[in-house]
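Next come the chains, spelled out residue by residue.
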Amino acid sequence: MTADRPGLHRLLEPYWDSGKPARGEVRERVWTDFGGRGAVLITDMSGFSRVTRDMGIVHYLAMIRRMQRIMVPPVHSYAGRPLSRRPLPGEPGAGWDGLSRCHAADDSVV
């Protein structure tokens, strides 16, 4: 099996339906096929409501872009990659568009 997202999903499907011994097999297989060592850096920008109310949305969007310009180059310089970021307005997946695509893919999403 190749280490791809559909392969990971196939491995994880039986996890909750299995007893504890089978879960151990699933964990072992996931680590064998996908495991690795690395570090995770999580950043968060707080104060959206307050800053937007006081300074406006353009100010907050500029803060997001500034944070991206500051954070992405050092991450890349260590062979890292951003795993997730929220799209800015106008980018594909921004706002309700992204949520509606998730909902269309799985109508159990609330």
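Each remark here, short or long, concerns the structure printed above.
How each quantity is defined
- Along each chain, numbering runs from 1 in the same order as the chain's sequence is written.
- Residue-level local features of this predicted model are given only where pLDDT is at least 70; pairs of side-chain atoms are given and counted only at 80 or more, and the full residue set underlies all totals for whole chains, interfaces and linings.
- Calculation of side-chain values draws on the structure's entire complement of heavy atoms; hydrogens and water are dropped beforehand.
- Here a helix means four or more residues in a row that DSSP labels H or I, a strand means two or more in a row labelled E, and each is numbered from the N terminus.
- In this scheme, a residue with accessible area under 20% of its type's maximum is buried, one over 50% is exposed, and one in between is partly exposed, where area comes from a 1.4 Å probe on protein chains only.
- Contacts were defined at the residue level, with two residues in contact if any of their heavy atoms lie within 4.5 Å.
- Methods summary: accessible areas were calculated by the Shrake-Rupley approach with a probe of 1.4 Å, and residue burial reflects only the protein chains presented.
- Patch membership requires over 30% relative accessible area and the absence of a salt bridge. Like charges are linked within 9 Å, and nonpolar side chains (Val, Leu, Ile, Met, Phe, Trp, Tyr) within 5 Å.
- Put simply, a salt bridge is a Lys or Arg side-chain nitrogen that is within 4 Å of an Asp or Glu carboxyl oxygen.
- A helix's residues, less one, multiplied by 1.5 Å, set its expected span.
- Here the arc refers to the set of directions running from the helix axis out to each C-beta atom.
- Pairing of aromatic rings covers Phe, Tyr and the six-membered ring of Trp, with a centre-to-centre limit of 6.5 Å; geometry is then stacked below 30 degrees between planes, edge-to-face above 60, and tilted otherwise.
- A ring has a charge above it when a Lys NZ or an Arg CZ is no more than 6 Å from the ring centre and no more than 35 degrees off the ring normal.

(A) How the structure looks around the overall build of the protein. Looking only at helices and strands, one finds 5 helices and 0 strands in the protein. In the protein, the order of α-helices and β-strands from amino to carboxyl end is α-α-α-α-α. The proportion of buried residues among the 110 residues of the protein is 15%. For the protein, the share of sequence-separated contacts (at least 6 apart) that also reach a separation of at least 24 residues comes to 25%. Accessible surface, the protein: about 9500 Å² in total, of which carbon and sulfur atoms supply 58%.

(B) Expanded view of a nonpolar patch on the surface. A contiguous nonpolar surface patch, about 290 Å² in accessible area, is contributed by Phe 48, Ile 57 and Val 58. Turning to its location among the elements, Ile 57 is positioned in helix 4 (residues 57-77).

(C) Expanded view of the environment of Phe 48. Mapped onto the elements of the fold, Phe 48 is located in helix 3 (residues 48-55). Classification of Phe 48 by relative accessible area gives partly exposed; the value is 41%. It is 7.1 Å that separates the C-alpha atoms of Phe 48 and Tyr 60, two residues lying 12 residues apart in sequence. Beyond its immediate sequence surroundings of up to four residues, Phe 48 is in contact with Ile 57 and Tyr 60.

(D) Unusual backbone geometry, seen in detail. Despite not being glycine, Ala 79 has its phi angle at roughly 60 degrees, a positive value. As for its position among the elements, Ala 79 is in the loop between helix 4 and helix 5 (95-105).

(E) Molecular detail of the pattern of salt bridges. Across all of its chains, the model carries 2 salt bridges by this definition. The residue Arg 29 makes a salt bridge to Asp 33 at a minimum N-O spacing of 3.1 Å. Of this pair, Arg 29 and Asp 33 both sit in helix 2 (residues 20-34), 4 residues apart, which is roughly one turn of the helix. In this structure, the salt-bridge partner of Asp 54 is Arg 53, at a minimum N-O distance of 3.6 Å.

(F) A look at helix 2. Under the 1.5 Å per step criterion, the end-to-end length of helix 2 is 21 Å for 15 residues, consistent within 8% with the ideal 21 Å. All buried positions along helix 2 are accounted for by Arg 23, Val 26, Val 30 and Asp 33. Down the axis of helix 2, the smallest arc covering the buried residues is 100 degrees, so these residues share one side. Those residues of helix 2 that are exposed and aimed more than 90 degrees away from the buried face are Lys 20, Pro 21, Glu 25, Glu 28, Trp 31 and Thr 32. Buried residues belonging to helix 2 abut helix 1 (5-12).

(G) Here's a closer look at the packing of aromatic side chains. Across all of its chains, the model carries 2 aromatic pairs by this definition. Ring geometry for Tyr 15 and Trp 16: centres 5.1 Å apart, planes at 90 degrees, overall edge-to-face. Judged by its relative accessible area of 65%, Trp 16 is exposed. Between the aromatic rings of Phe 48 and Tyr 60, the centroid separation amounts to 5.0 Å while the plane-to-plane angle is 90 degrees, which identifies the pairing as edge-to-face. One end of the pair, Phe 48, is in helix 3; the other, Tyr 60, is in helix 4, with 12 residues separating them in the sequence. When its relative accessible area of 4% is taken as the criterion, Tyr 60 is described as buried. The aromatic ring of Tyr 15 is capped on one face by Arg 23, whose charged end is 5.1 Å from the ring centroid.

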